[in-house]
Amino acid sequence: MVAGHPPEVADDGRRRAYAYLLGQYLGDGCISEQRRQVFRMRVTCAMAWPLIIDLVEASMQILLPTNAVGHLTREGCIEVGMSSKRWPALFPQHAGGKKHLRPLALASWQETIALDRHPELFVCGLLHSDGCRSMNKVTVRGKRYAYPRYFFSNRSEDIHAMFAEALDRLSITSTRSGWNQSVARREDVAVLDGIGASKSNPCALDVPGAGIEPARS
């Protein structure tokens, strides 16, 4: 068991969903207070990646299966949201102001889920929100070469540290330049491809409830 955890992450299926959603929340998510101590989590997803939208919906519904998922379409993106009184307990990083302007730290039970047990899903959530897989093109002695690499971009030093720690748990080497971290070694890129870090071939939660039809509203 994970000491001090909320009841919504008491089984491994929900912990898998939580590790993924935590990465998405830290990247492109926010929690805002509504009326009567109800909070709404919103995760902004690009319309170009419908499978990622499905993963965000599924992770929310696995954690809170009796709550409805809502959508708000904007130019080029869709906001996936769900309202609940439980979000501040599930995501204690919630506070006023932008994430990169305030300190962030994982609670011990979050570290157990996201770093000890399911770093692969935490990494996928971060890369699916603030990362990409691209082809790096170089010219050596007149010959052009192209090889894949992953980039993660975020303005929070604390989130960068979480990402680097999760990669370390997967024995993946990364390099840092400004607000970007990159993974370029062939064997490390292969590991990320294998866990579903690419947006075009994303990970699966593989837990009961992951395939339930989202309630669109």
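Figured I'd write up the structure that's included with this text. (Residues numbered from 1 in each chain as written. Predicted model: local features only at pLDDT ≥ 70, side-chain atom pairs only at ≥ 80, totals over all residues. Heavy atoms only, no water.)

## Re the pattern of salt bridges
In a structure, side chains of opposite charge can pair up when their charged atoms sit close to one another. Worth spelling out the cut-off: Think of a salt bridge as a Lys or Arg side-chain nitrogen and an Asp or Glu carboxyl oxygen that are within 4 Å of each other. When accessible area is computed with a 1.4 Å probe and restricted to protein chains, residues below 20% of their type maximum are described as buried, those above 50% as exposed, and intermediate ones as partly exposed.
The tally for this structure, following the rule as stated, stands at eleven salt bridges. Note that R185 is salt-bridged to E187, the shortest N-O span being 3.6 Å. Given a relative accessible area of 41%, R185 falls into the partly exposed group. Overall, E187 belongs to the partly exposed group, its relative accessible area being 45%. Ionic contacts of the salt-bridge type, sharing partners, join the residues R42, R74 and E79 into one network.

## Here's the deal with the environment of D168
Heads up, the rule is: Helix and strand assignments come from DSSP, with helices taken as H or I runs of at least 4 residues and strands as E runs of at least 2, each series counted from the N terminus.
Tracing the backbone through its elements, the reader meets D168 in helix α6 (residues 157-169). Sequence spacing of D168 and L22 is 146 residues, and the spatial spacing of their C-alpha atoms is 18 Å.

## Some points on the nonpolar core
The condition is simple: By convention a nonpolar core is built from buried Ala, Val, Leu, Ile, Met, Phe, Trp, Tyr and Cys residues, the set being connected through side-chain atoms within 4.5 Å. Pairs of residues are marked as contacts when any of their non-hydrogen atoms sit within 4.5 Å.
Of all hydrophobic cores here, the largest spans 57 residues; its most connected members are W87, F91 and L192. Filtering out sequence-adjacent residues up to four positions away, W87 remains in contact with L21, I31, F39, R40, M41, M60, L64 and M82.

## A word on unusual backbone geometry
Residues other than glycine seldom take positive phi values, yet R36 does so here, at roughly 55°. One non-glycine residue, S171, lies in the positive phi region at around 60°. Within the secondary structure layout, S171 lies in the loop between α6 and β7 (175-177).

## Overview of the layout of surface pockets
Rules: The distinction between a cavity and a pocket rests on a 1 Å grid over the protein atoms alone: a 1.4 Å probe fits inside a cavity but cannot get out, while a pocket stays open yet meets protein on both sides within 12 Å along at least five of seven lines, and a residue with an atom within 4 Å of a point counts as lining. Grid points are joined across faces, edges and corners, and a volume is the space filled by probe spheres set on the points. For this scheme, ten residues count as nonpolar: Ala, Val, Leu, Ile, Met, Phe, Trp, Tyr, Cys and Pro. Four count as charged, namely Asp, Glu, Lys and Arg, and the remainder, Gly too, count as polar.
In this structure, the largest pocket occupies an estimated 210 Å³ of space. Taken together, 18 residues form the lining of the largest pocket, with L26, G27, K98, K99 and H100 sitting closest to its centre. Listed by contribution, the elements that provide at least two residues to the lining of the largest pocket are α1 (12-28) and β1 (29-33). The residue makeup of the lining of the largest pocket, split by class, is six nonpolar, seven polar and five charged.

## Quick notes on the pairing of strand β8 (residues 180-183)
Note the following rule: Two strands make a pair as long as DSSP finds a minimum of two bridges between them.
Bridge count between strand β6 (residues 143-153) and β8: four bridges; the pairing is antiparallel. The residue bridging Y150 from the neighbouring strand is V183, located in β8. When β7 meets β8, the two strands line up antiparallel, connected through three bridges. Note on β8: the bridge partner recorded for S177 is N180. Turn length for the β7-β8 hairpin, with the two strands adjacent in sequence and antiparallel, is two residues, and the turn residue G178 shows positive phi of about 65°.

## Focus on helix α2 (residues 50-63)
The cut-off we apply is this: Take the residue count of a helix, subtract one, and multiply by 1.5 Å to get its expected span.
Over its 14 residues, α2 extends 20 Å from the first C-alpha to the last, a length consistent with the 20 Å expected when each residue adds 1.5 Å. Most of α2 is tucked away, with eleven of its 14 residues classed as buried. Residues of α2 that are buried make contact with α1, β2 (39-46), β3 (70-74), β4 (77-84), α3 (87-90) and α5 (119-130).

## Some details on the sheet that holds β8
Using the following cut-off: Axes here refer to lines fitted to C-alpha atoms; in helices the fit is confined to the stretch in contact. Angles between the N-to-C directions go from 0 to 180 degrees.
As summarised here, the arrangement of the four strands in space is β5-β6-β8-β7, forming an open sheet in which the pairing is antiparallel. Edge positions in the sheet fall to β5 (131-140) and β7, since each has one partner strand and no second. Ignoring strand direction, the axes of neighbouring strands in this sheet form an average angle of 35°. Packed onto the sheet, helix α7 (residues 186-195) meets β5, β6 and β8 and runs at close to 55° relative to β6.

## Re the pairing of β4
Across the eight residues that make up β4, a large majority, seven, are buried. Bridging between β2 and β4 involves eight bridges; their strand directions are antiparallel. Following the sheet pairing, T44 is matched in β4 by E79. Counting the residues in the hairpin turn of β3 and β4 gives two residues, including G76, whose phi is positive at 80°.

## Details of the side chain of S129
Rule in force here: In the analysis that follows, any N or O atom pair within 3.5 Å is treated as a polar contact, provided that within protein one partner can donate a hydrogen and the other can accept it, and provided that, for residues neighboring in sequence, both atoms belong to side chains.
Structurally, S129 is set in helix α5. Polar side-chain contacts of S129 include one of 3.0 Å to the backbone oxygen of G125. When residues no more than four places from it in sequence are discounted, the contact partners of S129 are G23, Q24, G27 and D28.

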